[in-house]
Amino acid sequence: MTERFPRYALYAFIVGLPLHNVAMATLWDIGVRDTALDVVSAWKEVLLAAALGLVVWRQRGLPFKATPADWLAFAFAAFVVVYALLPQGWLDGDATSRGVLFGTRHHLTPVAAFFLGRSLYFDGAELRRIGYLLLGAAAAVAAWGLVDVYAISLDTWRNSGVPGWYEEQLGLEYRGLSGLPENFVYNPGDERPLRRLVSTFLSPLATAYMLLAAILLAATWQRARWLSATLALLLVGLLYTYSRTAIAALALGLVVLAQALRSWLPVAAAVV
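Residues numbered from 1 in each chain as written. Predicted model: local features only at pLDDT ≥ 70, side-chain atom pairs only at ≥ 80, totals over all residues. Heavy atoms only, no water.

Trainee: Please clarify how the environment of leucine 202 should be interpreted in this entry.
Mentor: Structurally, leucine 202 can be placed in the loop between strand S2 (194-195) and helix H10 (204-218). Between the C-alpha atoms of leucine 202 and tryptophan 157, which are 45 residues apart in sequence, the distance is 9.7 Å. Those residues in contact with leucine 202 that sit more than four places away from it in its chain are Asn21, Val22, Ala25, Trp157, Val162, Tyr166 and Phe184. (Helix = DSSP H or I, 4+ residues; strand = E, 2+ residues; numbered from the N terminus. Contact = heavy atoms within 4.5 Å.)

See below:
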């Protein structure tokens with residue numbers, strides 16, 4: 001069990017992360033709040049910390065030789081810790097201890113996920129299973145997001161636990177959309193704002209980044225009918241997030257992928 005737990009933790013993280021915000025907002029709405037919800041919302045950090053700690057304990061350290069990317073991750077983590085420990089007055093900040101804890105937790109989570117992935121060895125079959133899991137989760141996120149855009153009104157979200165989860169639980173104040181994050185809509189400048197695809201992440205950016213990763217993964221696989229349909233769904237979902245950063249990153253990622261695969265097809269896709 002101790003050998004398999006880090007792998008199970010990774011699977012749970014892939015499936016659970018897209019559901020985190022909508023689940024926490026639902027819990028807030030039914031009355032789970034304050035410290036109790038803080039504890040529940042830390043599930044992903046606890047899961048990663050336990051899995052990574054188990055790997056380090058069993059291997060008596062990180063089981064890989066550090067690369068420049070690893071040292072960059074170490075440096076980022078050290079910067080986050082030092083920044084959290086500095087007195088707020090030194091940088092004219094006014095964050096509370098709870099806010100500092102949330103910020104530190106938020107920034108160290110991807111570092112922990114990175115090192116957990118680096119510490120685990122996967123054969124070809126298991127890597128493919130992880131790929132299927134990621135593609136399936138991303139496709140579900142895209143499909144639900146498209147349903148949300150056309151079938152669920154903003155009033156429904158205004159009257160849900162989303163504003164309370166963001167403002168009262170996380171302390172994030174949004175001035176527009178009755179407490180909803182402003183980026184739930186995109187204003188193209190003609191006074192006709194467009195709904196953005198936020199899906200279960202309740203964020204167009206988080207949704208866009210997951211769909212971006214899934215698209216790049218799918219682009220490395222051999223073409224099949226089901227894969228083409230999945231790619232189309234992911235791409236439509238990405239476009240509906242109206243995230244210019246993610247779309248530009250997709251083009252750049254395809255160029256890098258073309259160099260790795262020694263193929264011009266990803267370059268053509270990047271141009272499109």
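Trainee: I keep staring at unusual backbone geometry and nothing clicks. Help me out?
Mentor: Negative phi characterises most residues that are not glycine, and trans characterises most peptide bonds. The residue leucine 202 is not glycine, and still its phi comes out positive at about 55°. A positive phi angle is found at arginine 262, which is not glycine, with a value near 55°. Here arginine 262 is to be found in the loop between helix H12 (244-261) and helix H13 (265-271). For arginine 262, a relative accessible area of 68% puts it in the exposed group. (Buried < 20%, exposed > 50% of the residue type's maximum accessible area, 1.4 Å probe, protein only.)

Trainee: So what exactly am I meant to see when it comes to a negative patch on the surface here?
Mentor: Negative charge collects at one region of the surface, where Asp34, Glu167, Glu168 and Glu173 lie side by side. Inspection of the secondary structure assignment puts glutamate 173 in the loop between helix H9 (162-169) and strand S1 (185-186). Since its relative accessible area comes to 63%, glutamate 173 is described here as exposed. (Patch = residues over 30% accessible without salt bridge, like charges linked within 9 Å, V, L, I, M, F, W, Y side chains within 5 Å. Areas by Shrake-Rupley, 256 points an atom, 1.4 Å probe, with all protein chains shown as cover. Salt bridge = Lys/Arg side-chain N within 4 Å of Asp/Glu carboxyl O. Lys, Arg positive; Asp, Glu negative; His and termini not counted. Charge placed at Lys NZ, Arg CZ, Asp CG, Glu CD.)

Trainee: Would you mind showing me how to read the confidence of the model for the protein chain here?
Mentor: Segments scoring low in pLDDT should not have their predicted coordinates read at a detailed level. Here the protein chain shows a mean pLDDT of 91. Residues at 70 or above account for 99%. Averaged over each element, pLDDT in the protein chain is lowest for H13 (86) and highest for helix H2 (residues 20-29) (96). (pLDDT = per-residue confidence, 0-100.)

Trainee: Looking at this structure, how should I read the pattern of salt bridges?
Mentor: One side chain can pair with another of opposite charge once the charged atoms of both are near each other. Applying the stated rule across the entire model yields seven salt bridges. Between glutamate 45 and arginine 105 there is a salt bridge; the shortest N-O distance is 3.5 Å. Separated by 60 residues along the polypeptide, glutamate 45 in helix H4 (residues 43-59) and arginine 105 in helix H6 (residues 97-119) bring together distant segments of the chain. Judged by relative accessible area, which is 15%, glutamate 45 ranks as buried. For the salt bridge of aspartate 155 with arginine 158, the shortest nitrogen-to-oxygen distance reads 2.5 Å. Separated by three residues within a single helix, aspartate 155 and arginine 158 lie in helix H8 (residues 154-158), roughly one turn from each other.

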